[in-house]
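Coordinates in review
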Amino acid sequence: MIDMKQRTVTGCSPPLPEGLPHQGRCLVMGILNVTPDSFSDGGRYANTRRAVQHGLQLARAGADLVDVGGESTRPGARPVPLAEELARVVPVVRELALANVRVSVDTMHAEVARAAVQAGACIVNDVSGGLADPSMAATVGAAQVPYVITHWRAPSHEMDRHAVYDDVVSQVVAELHIRVEAAVAAGVQAERIIIDPGLGFAKNAEQDWQLLSHLSALKETGFPFLIGASRKRLIRTALQAHGACESGSDERDAATAAVSALAASAGASCVRVHDVRSSLHAVYMASAWASGGRRAPTGLPPAPPLAS
């Protein structure tokens, strides 16, 4: 059995798995939804050409990783046939990987994960934490790539009714521990695991903010952790609670960048966002703040070559 507490390195963020960039700061993962129905940008990048172009733009903006997903996980979303998800995701992953972009695949299905890794993906981001597909952990373990395990209780079309907790922080950490144990038992190396509290997944906005205000509980597990707050309901409700006029994505991106800075300062290893540049600058500020200006944040990577 893994004792998550024993992995903790006092005063330090847990090390990132091999195969991921080590920038000396919180990484920024750019979101690339190749879906017609995602809550924020559904349909905008639903064909391969537009999706690849946007993925290259995210990389040029400084994304350390581009996370390609072919199935919406917005509240109420219904599952996508496996063949359709494969057709959406794999060509985009392949083209971006050929253009030297580090690609993550956002999927709950082992077959999609396997095909995406074969096409060049370097990390699997599973929002179900292995619960949606029992063969996912073994597939990732065999592929020997990093694995993001997200806290999840139910599919999108029914998850809101599972947002019932006595203590959301301790229960999320305990349930993540169970998923980590299951992944390791199936062959995933503990050193390849990243955890994610799953903001918005079977959680309301208040519960999301409770988790964000107690990120030390995630850091104490000893695993690197990822935060995905971008443009989500918790952002909108916080803005509205202060009377802010929240009419579009620009305001949510500015608020998301603030969360990115706070998450990075609290020890997050990666933030997953729609607007890369604003959150990249935010984690630069967090890095400068933490170091007292003694260590300059890692600069922007060179633009990848255009796919031919």
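Definitions and cut-offs
- Residues numbered from 1 in each chain as written.
- Predicted model: local features only at pLDDT ≥ 70, side-chain atom pairs only at ≥ 80, totals over all residues.
- Heavy atoms only, no water.
- Helix = DSSP H or I, 4+ residues; strand = E, 2+ residues; numbered from the N terminus.
- Axes fitted to C-alpha atoms, helices over the stretch in contact; angles between N-to-C directions.
- Parallel < 35°, antiparallel > 145°, perpendicular 65-115°, else oblique.
- Left-handed = near helix turned anticlockwise from the far one by under 90°.
- Contact = heavy atoms within 4.5 Å.
- Nonpolar A, V, L, I, M, F, W, Y, C, P; charged D, E, K, R; others polar.
- pLDDT = per-residue confidence, 0-100.
- Core = buried A, V, L, I, M, F, W, Y, C linked by side-chain atoms within 4.5 Å.
- Buried < 20%, exposed > 50% of the residue type's maximum accessible area, 1.4 Å probe, protein only.
- Pairing = 2+ DSSP bridges.
- Right-handed = clockwise from strand over helix to strand, strands pointing away.

**Structural notes on unusual backbone geometry**
The backbone of Gln-144 shows a phi angle near 55°, a positive value even though the residue is not glycine. Here Gln-144 lies in the loop between α4 (136–143) and β5 (147–150).

**Digging into the packing of helix α2 (residues 82–98) against helix α3 (residues 110–119)**
It is at 8 Å that the axes of α2 and α3 come closest, and there the two elements cross at 20°. In terms of axis orientation, α2 runs roughly parallel to α3. Here α2 runs over α3; the crossing is right-handed. In contact with Leu-82, Glu-85, Leu-86, Val-89, Val-90, Val-93, Arg-94 and Ala-97 of α2, α3 contributes Glu-111, Val-112, Ala-115, Ala-116 and Ala-119. Here the residues of the contact of α2 with α3 are counted per class, giving ten nonpolar, no polar and three charged.

**Considering the confidence of the model for the chain**
This prediction gives the chain a mean pLDDT of 89; 86% of its residues lie at or above 70. Under a pLDDT of 50 for its full length, residues 300–308 has, in the predicted model, 21 contacts with residues more than four places off or in other chains.

**Points about the nonpolar core**
Grouped together as the largest cluster of nonpolar side chains are 80 residues, with contacts concentrated most on Leu-32, Val-68, Leu-96 and Ile-227. Considering each element in turn, this core owes the most residues, seven residues, to helix α5 (residues 168–185). Among the nonpolar cores identified, the runner-up in size contains eleven residues, and Leu-20, Ile-123, Ile-194 and Leu-226 belong to it.

**As for the pairing of strand β6 (residues 193–196)**
Burial along β6 is two-sided: Ile-193 and Ile-195 and Ile-194 and Asp-196, pointing in opposite directions, are all buried. Here four bridges tie β5 to β6, and the two strands are oriented parallel to one another. Following the sheet pairing, Ile-149 is matched in β6 by Ile-195. Crossover connection from β5 via α5 to parallel β6: handedness right-handed.

**Observations regarding the packing of helix α6 (residues 205–212) against helix α8 (residues 233–241)**
As a packed pair, α6 and α8 sit with axes 9 Å apart at the nearest point and diverge in direction by 95°. As far as their axial angle goes, α8 and α6 are roughly perpendicular. Contacts from Ala-205, Asp-208, Trp-209 and Leu-212 in α6 reach Leu-234, Thr-237 and Ala-238 in α8. Of the residues assigned to the contact of α6 with α8, the class counts are five nonpolar, one polar and one charged.

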